[in-house]
Amino acid sequence: MLGVVVAVASVILVVLIVVVAPRHLLDWDTAGTRVPDRAKAINDIRTTLLQGLAGMALLVGAFFTWRQLQVSRHGQLTGRFAAAVEQLGHESAGVRIGAIFALERIAVDSRDDRGAVVEVLCLFAQRNALAVPLDARPSPHDIAHSREVALAHAGETLLVIRSPDVHAAVTVLGRAPRPKGLELRLQRVDLRRTMLDFANLEDADLHYADLTNVHLRGANLKRVDLSGTWLVRAVLVKADMRQASLRSVLLCYARLDGTDLRATDLSNADLTAAVVEGARFELADLRGAVLTDTNLAEASLTGAVADSTTVWPRGFDAAAAGVLPADNAPPLQPLSFFPQDPS
């Protein structure tokens, strides 16, 4: 029925343009004056109107073709997304890894699907790499002196990836585009020995996760929640950890060379024997922190907060380094510390 109506309307429009409109336009334009060759003038007007009609038809056709391509593309993306999610449950690790990278491609291609991709990959990581309870983990001392670490430091073996599919999922989460403000929920995940150098995990929730021996060199960890997380022997060289929550974190034997820890909450954190050369602790909360055997000579601590429960390295003069007592502490994690330039 709709097709018939459109066809009739099109015929009427063509008749008006070909028969009626040219004469009225000519009379209106000449205002009653005599036209020498009236038939030719009407024919010229008719030709011009038909050319305009053809151009309009071409534009309308192009619009509907574009709309059809958009609908087709959306359908293809939906099919690709559904297929990738289904493959995440496959028994083969290779198929699961392929599905993860397919989801990354979807996130790149479709802005509307980025949030869904992030949610799916976070859920996948949580379900397939749940960290063991804190009391069941080996002690930091045992980890620091394990044969695996000794071999890795001697160059005899590379880091071992325990769950390559989960590793792939977190790698994609650390580099794929995601909606602004969308939090990566990765709490209590087991990411031991994972290579995540230069990953973007800004604002992620990783509390109580196991990041033992993880590599996060140059990573963006601004405002990340790492409270209660194990980062024993983690490599965080030149990572950006401004305003992060590191309450009760284990950073024993970690590499923090050049790491930016300004306005970071390190209360009750354990940094025993951590390497902090060039690290920045300005405005950090160090109340209750343990820094035994940590060389702070090349670290910047101006404006950091400490109290009587802070354990300093032997012979370290906190006041001379610019550390403030808790009674005179500035606001913790001040949001105005970096008002404009995040770099």
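Above: the structure in question.
Read on for an overview of the structure. The written sequence of each chain sets the order in which its residues are numbered from 1. Local features are withheld for residues below a pLDDT of 70 in this predicted model, meaning they are given only at 70 or higher, and side-chain atom pairs are given and counted only at 80 or more; totals for whole chains, interfaces and linings count all residues. In computing side-chain properties, one takes all heavy atoms of the structure into account and sets aside hydrogens as well as water.

Turning next to the overall build of the protein. A helix here means a DSSP run of H or I that spans at least four residues, while a strand means a run of E at least two residues long, and both kinds are numbered starting from the N terminus. Secondary structure assignment for the protein yields seven helices and two strands. We call two residues contacting when some pair of their heavy atoms lies within 4.5 Å. For the protein, contacts bridging at least 24 residues in sequence account for 30% of all contacts bridging at least 6. Of the roughly 18,500 Å² of accessible surface on the protein, a fraction of 58% belongs to carbon and sulfur atoms. Areas reported here follow the Shrake-Rupley algorithm with a probe of radius 1.4 Å; residue values treat only the protein chains shown as occluding.

Between helix α3 (residues 93–109) and helix α7 (residues 164–173), the least distance of the axes is 9 Å, while the angle of their chain directions is 5°. Taken together, α3 and α7 sit at an angle that is classed as roughly parallel. Together, Arg96, Ile97, Ile100, Phe101 and Glu104 of α3 and Pro164, Asp165, Ala168, Ala169 and Val172 of α7 make up the contact between the two elements. The residue makeup of the contact of α3 with α7, split by class, is seven nonpolar, no polar and three charged. Helix axes are fitted only over the stretch in contact, all axes being lines through C-alpha atoms; the angle between N-to-C directions runs from 0 to 180 degrees. For classification, angles of less than 35 degrees are called roughly parallel, those exceeding 145 degrees roughly antiparallel, those between 65 and 115 degrees roughly perpendicular, and all remaining angles oblique. Only Asp, Glu, Lys and Arg are considered charged in this grouping, and only Ala, Val, Leu, Ile, Met, Phe, Trp, Tyr, Cys and Pro are considered nonpolar; every other residue, Gly among them, is considered polar.

Bringing the environment of Gln126 into the picture now. By the element assignment, Gln126 lies in helix α4 (residues 114–128). To sort residues, take the accessible area from a 1.4 Å probe on protein chains only and compare it with the maximum for the residue type: under 20% means buried, over 50% means exposed, and anything in between is partly exposed. What makes Gln126 partly exposed here is its relative accessible area of 22%. When the C-alpha positions of Gln126 and Arg185 are compared, they lie 8.4 Å apart, and in sequence the two are 59 residues distant. Setting aside its immediate chain neighbours within four residues, Gln126 contacts Arg185, Leu186, Gln187 and Val189. Under the rule applied, a polar contact is a pair of N or O atoms within 3.5 Å (in protein, one hydrogen donor and one hydrogen acceptor; residues adjacent in sequence only if both atoms are side-chain atoms). Among the polar contacts made by the side chain of Gln126, one reaches the side chain of Gln187 at a distance of 3.5 Å.

Let us look at α4. Across its 15 residues, α4 extends 21 Å between first and last C-alpha, which sits within 8% of the 21 Å expected from 1.5 Å per residue. Taken together, the buried positions of α4 are Arg114, Gly115, Val117, Val118, Val120, Leu121, Cys122, Phe124 and Ala125. In this analysis, the expected span of each helix is defined as 1.5 Å times one less than the number of residues it contains.

The next thing to look at is unusual backbone geometry. The backbone phi angle of Lys238 is positive, close to 60°, even though this residue is not glycine. Tracing the chain through its elements places Lys238 in the loop between α7 and β1 (305–306). The phi torsion at Asn268 lies on the positive side, around 60°, for a residue other than glycine.

Glancing now at the packing of aromatic side chains. Only the six-membered ring of Trp is used, alongside the rings of Phe and Tyr, when aromatic pairs are assigned; centres must lie within 6.5 Å, and planes under 30 degrees apart are stacked while those over 60 apart are edge-to-face, with the rest tilted. If you walk through the whole model with that rule in mind, you get one aromatic pair. On the numbers, 5.1 Å between centres and 35° between planes, the contact of Trp312 with Phe316 is tilted.

A separate point is the environment of Asn220. Within the fold, Asn220 resides in the loop between α7 and β1. Residue Asn220 is classed as buried on the basis of its relative accessible area, which comes to 17%. Taking the C-alpha atoms as reference points, Asn220 and Glu202, separated by 18 residues in sequence, lie 5.7 Å from one another. Residues within four places of Asn220 in sequence aside, it is in contact with Ala199, Asn200, Leu201, Glu202 and Asp240. One polar contact links the side chain of Asn220 to the main-chain amide nitrogen of Lys222, over a distance of 3.3 Å.

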